[in-house]
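Reading the structure
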Amino acid sequence: MEKELRRLLNKCVRCGTCRSECPILAEVGFEGASPRGLIFLLQGLLSGQVAAKKMADRVYNCLLCDACTAVCPSGVEITNLIRTSRMELGRIPAFGPLLKLALNMFLTRPTLVAAGSRLLWAYQRSGLDRALRNTGILRILPGDLGRAEHMLPPLSIRTARGMLPELIPAVGKRRYRVGYFLGCATNLLYPQVAQALVRVLAANGCEVVIPKEMRCCGIPHLTYGLVDTYAELVQSNLQVFKEAKVDAIISDCASCTATLSQMGKQPLGCNADLPWDEAAKMAKKVWDFSAFLVDELGPNRIKRDLAGKVTYHDPCHLARGVHVTRQPRHLLGKLGLELVEMPNADVCCGAAGTFALAHYDLSMAILKKKIDGVGRTGAPLVATSCPACIMQLTAGVKAYGVPAKVIHPAELAAQAY
Ligand code: SF4
Ligand code: SF4
């Protein structure tokens, strides 16, 4: 592992091309926070010249947005190396073992996640959230959790899983049997997205299966270096989709789509004995919702045209993870909407999963630039294919006073079917 890590790090020729793309460097402005600086520090860590203690904050000060990796002329997989270093360090700043426990024991169990969601619903519904916010007591929470708490959208008492049956028949003649990968964020935060997606797929001749035993895709575990838990989740989801006998696996979450598309790739430092070849075959069945609708189904059964302007934000994991940028735009046009491009549509919005929970100010500064771009389009709708981006952009338009609604393309498509 160490030898392989050294080989991968040594591919860097220090050209600095990656520096121009890094949203973090653009904000903080010092080399140590740049992708090249991180590679340099990781080399130092490996040779024992840099103390591990010094590194933990640095390697978590990254959005894992892949913008650097996408432009590196030497093919350095910067984001993967940063993830591997998180695993090697084994320490999560600000949250420590508590977060590890939550990721390993809680997020891997759908029933516990649903119970947690009900507690949060009660917390919001009772008004306790506003009361605690006003007292300022939330500041005692670790990291920036207390400051970022307001970004949580109003929850529904029922999750998407609770609202939808396990099998939804196709409308008319069945063309495909698809598995819907109902990710944690859509399930808990945006059940209306799940309902819309299922409706559009069924209207386009898909029988939709939502397997009960499906678990988290594992991206939070990869992000925090918990590769063994990630491998356990891959194995479990692989089995679930094998048994479901589906032609395709559809996801409405950019992060789940990118993670599942890579499920056959054994992460560096992971020694789990898994059928990775089988997982690679399953990964080929994974589709983003818009890509499946546009490239495979053909969105031709639209019943009514929508009208008005829309702008589109490219989630990092969709644009650079699976190279899906054309299809959501094509879909919006097909629905009758006028697409107005925002500047830097593919630059990270600062969400990056849980980034704001430990780096609130930095996340907001990156978000501000994104919202400035949204405002310049004058579009009343911002479409994006990721629940984390929806949450971040919704907080952004509210905070910076831009009159726009953030929405998933599936929700717009459902209005037209
Ligand atoms: S672009 Fe690639 S080779 Fe150049 S400094 Fe960045 S990581 Fe190194
Ligand atoms: S992944 Fe994004 S935030 Fe992290 S170093 Fe690369 S460009 Fe910067």
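Given the structure is predicted, the values throughout are model-derived calculations rather than measurements.

1. Remarks on the overall build of the chain
A count of helices and strands for the chain gives 23 helices and nine strands. In terms of overall dimensions, the chain has a C-alpha envelope of 65 × 50 × 45 Å along the principal axes. Put simply, the chain has 417 residues, and 56% of those count as buried. A fraction of 78% describes how many contacts in the chain between residues 6 or more apart in sequence connect residues 24 or more apart. Here the chain displays about 18300 Å² of accessible surface, and carbon together with sulfur accounts for 55% of that area. Across the chain, 50 positive and 34 negative side-chain charges occur, with their mean positions spaced 2 Å apart.

2. Here's the deal with the nonpolar core
Across soluble globular proteins, nonpolar side chains have a tendency to be buried as a group. In terms of nonpolar packing, the biggest core is built from 132 residues, with V178, L201, V208, I210, F289, F292 and L412 touching the most fellow members. No other element matches the nine residues that helix α15 (residues 227–244) contributes to this core. Setting aside anything within four residues of it in sequence, one finds V208 in contact with E166, L167, I168, V178, Y180, V198, L201 and A202. Counting 12 residues, the second largest nonpolar core, distinct from the first, contains L63, C316, L362 and I366.

3. Observations concerning the packing of aromatic side chains
Per the stated rule, a full pass over the model turns up four aromatic pairs. A centroid spacing of 5.5 Å and a plane angle of 75° characterise the contact between Y176 and F292, whose relative ring orientation is edge-to-face. Remark: F292 occurs in helix α18 (residues 289–297) and Y176 occurs in strand β2 (residues 176–181); sequence separation between them is 116 residues. Per residue, the accessibility class of Y176 equals that of F292, and both read buried.

4. Things to note about the domain arrangement of the chain
For the chain, the domain assignment lists domain 1 (2–89), domain 2 (96–151), domain 3 (160–294) and domain 4 (303–416). Contacts between the two partners involve 25 residues from domain 3 and, on the opposite side, 23 residues from domain 4. Of the roughly 1900 Å² buried at the junction of domain 3 and domain 4 (both faces included), carbon and sulfur atoms supply 73%. At the junction of domain 3 and domain 4, the tally comes to zero salt bridges. The set of elements that each furnish at least two residues to the side of domain 3 that touches domain 4 consists of α12 (184–189), α13 (191–203), α16 (254–261) and α18. The element best represented in the side of domain 3 that touches domain 4 is α13, accounting for six residues. Of the residues that constitute the side of domain 3 that touches domain 4, the class distribution is 16 nonpolar, six polar and three charged.

5. What about the state of the cysteines?
Following the criterion strictly, the structure yields zero disulfides and no others. Not part of a disulfide, C253 finds its nearest cysteine sulfur in C256, a span of 3.5 Å. Note on C270: no disulfide assigned, nearest cysteine sulfur contributed by C217 at a separation of 15 Å. By relative accessible area, C270 is classed as buried at 4%.

6. With respect to the sheet that holds strand β9 (residues 405–407)
The four strands lie next to each other as β7-β6-β8-β9, forming an open sheet whose pairing is parallel. Each edge of the sheet is formed by a strand with only one pairing partner; in this case those strands are β7 (338–339) and β9. Relative to strand β8 (residues 381–384), strand β6 (residues 309–313) is paired through four bridges, and the arrangement is parallel. Across the sheet, the residue bridging to T311 is V382, located in β8. Packed on one face of the sheet, helix α20 (residues 326–334) meets β6, β7 and β8 and runs near 170° to β6.

7. As for helix α1 (residues 2–9)
Buried residues of α1: L5, L8 and L9, and no others. The buried side chains of α1 occupy one side of the element, clustering within an arc of 95° when seen end-on. Structurally, α1 contributes buried residues whose contacts are with α3 (35–46) and α6 (78–89).

Criteria and thresholds
- Residues numbered from 1 in each chain as written.
- Chains lettered and ligands numbered in written order.
- Predicted model: local features only at pLDDT ≥ 70, side-chain atom pairs only at ≥ 80, totals over all residues.
- Heavy atoms only, no water.
- Helix = DSSP H or I, 4+ residues; strand = E, 2+ residues; numbered from the N terminus.
- Buried < 20%, exposed > 50% of the residue type's maximum accessible area, 1.4 Å probe, protein only.
- Contact = heavy atoms within 4.5 Å.
- Areas by Shrake-Rupley, 256 points an atom, 1.4 Å probe, with all protein chains shown as cover.
- Lys, Arg positive; Asp, Glu negative; His and termini not counted.
- Charge placed at Lys NZ, Arg CZ, Asp CG, Glu CD.
- Core = buried A, V, L, I, M, F, W, Y, C linked by side-chain atoms within 4.5 Å.
- Phe/Tyr/Trp six-rings, centres within 6.5 Å; stacked < 30°, edge-to-face > 60°.
- Domains from an automatic or database assignment.
- Buried area = accessible area lost by both parts, 1.4 Å probe.
- Salt bridge = Lys/Arg side-chain N within 4 Å of Asp/Glu carboxyl O.
- Nonpolar A, V, L, I, M, F, W, Y, C, P; charged D, E, K, R; others polar.
- Disulfide = S-S within 2.5 Å.
- Pairing = 2+ DSSP bridges.
- Axes fitted to C-alpha atoms, helices over the stretch in contact; angles between N-to-C directions.
- Arc of directions from axis to C-beta.

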